[in-house]
Amino acid sequence: MIEIDPAWAGKVQFYELVYGAWTAYIFLVLLWEKILRAPLPEWRYVLLNFMGGGAFWVNHYFQKAPFWSLLLNLYTLVFLAVWCWQGIRGHGRSWAWKLAAFGAAIAYTVVFIGFEQIARYGVEQQGVNEFWFMAASYLGFVAVIAWRGQRRP
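Residues numbered from 1 in each chain as written. Predicted model: local features only at pLDDT ≥ 70, side-chain atom pairs only at ≥ 80, totals over all residues. Heavy atoms only, no water.

Undergrad: Mind laying out the packing of helix α2 (residues 42-53) against helix α4 (residues 68-88), listing which residues take part and the relevant values?
TA: Close contact between α2 and α4 brings their axes to 10 Å; oriented N to C, the two are set at 170°. In this view, α2 runs roughly antiparallel relative to α4, as classed from their interaxial angle. Of α4, the residues touching α2 (which contributes W43, R44, L47, L48, F50, M51 and G52) are Y75, V78, F79, V82, W83 and Q86. In the contact of α2 with α4, the residues fall into ten nonpolar, two polar and one charged. (Axes fitted to C-alpha atoms, helices over the stretch in contact; angles between N-to-C directions. Helix = DSSP H or I, 4+ residues; strand = E, 2+ residues; numbered from the N terminus. Parallel < 35°, antiparallel > 145°, perpendicular 65-115°, else oblique. Contact = heavy atoms within 4.5 Å. Nonpolar A, V, L, I, M, F, W, Y, C, P; charged D, E, K, R; others polar.)

Put into structure tokens, the structure is as follows:
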């Protein structure tokens, strides 16, 4: 079995990922439906959000590894390829729309990281126990499921 050196671990914690995941999901749906005006099937939102959250692996387990930058860049390329393949391809829109949709991947990433940073700030700077961010995330996921479950196919 391949061992992961614990010294490679980054500062990113699970409560940050969980808090960022449901909040970024809301942003992702609104981005595609309200701003880009190109609703996607729900499974594509789930896939794109899963891919966005996948950077956690790189930053949690390998942030201090000598190959972290290479790994993060490779993951970014995979994320952008999936974003284009599942979100942009096949819409038959103008090049300007396609560029905006591609730029939306960057906006989504910044927003996801921003939500993670809110949780980190709450814990590290405000002294909020990470339990409360996990509890808020649990309720947030329930709210997202209820919200998205009301949609008619």
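Undergrad: Please set out the nonpolar core residue by residue, giving values where relevant.
TA: Residues W32, F79, W83 and Y108 are the most contacted members of the largest nonpolar core, which totals 36 residues. Of all the secondary structure elements, the ones that give two or more residues to this core are α1 (14-35), α2, α3 (55-61), α4, α5 (95-124) and α6 (130-149). Among the elements that take part in this core, α1 stands out by supplying eleven residues, more than any other. Excluding anything up to four places from it in sequence, W83 contacts L28, L31, W32, L48, I88, A101, F102, A104, A105 and Y108. (Core = buried A, V, L, I, M, F, W, Y, C linked by side-chain atoms within 4.5 Å. Buried < 20%, exposed > 50% of the residue type's maximum accessible area, 1.4 Å probe, protein only.)

Taken by themselves, the reported measurements are silent on function.
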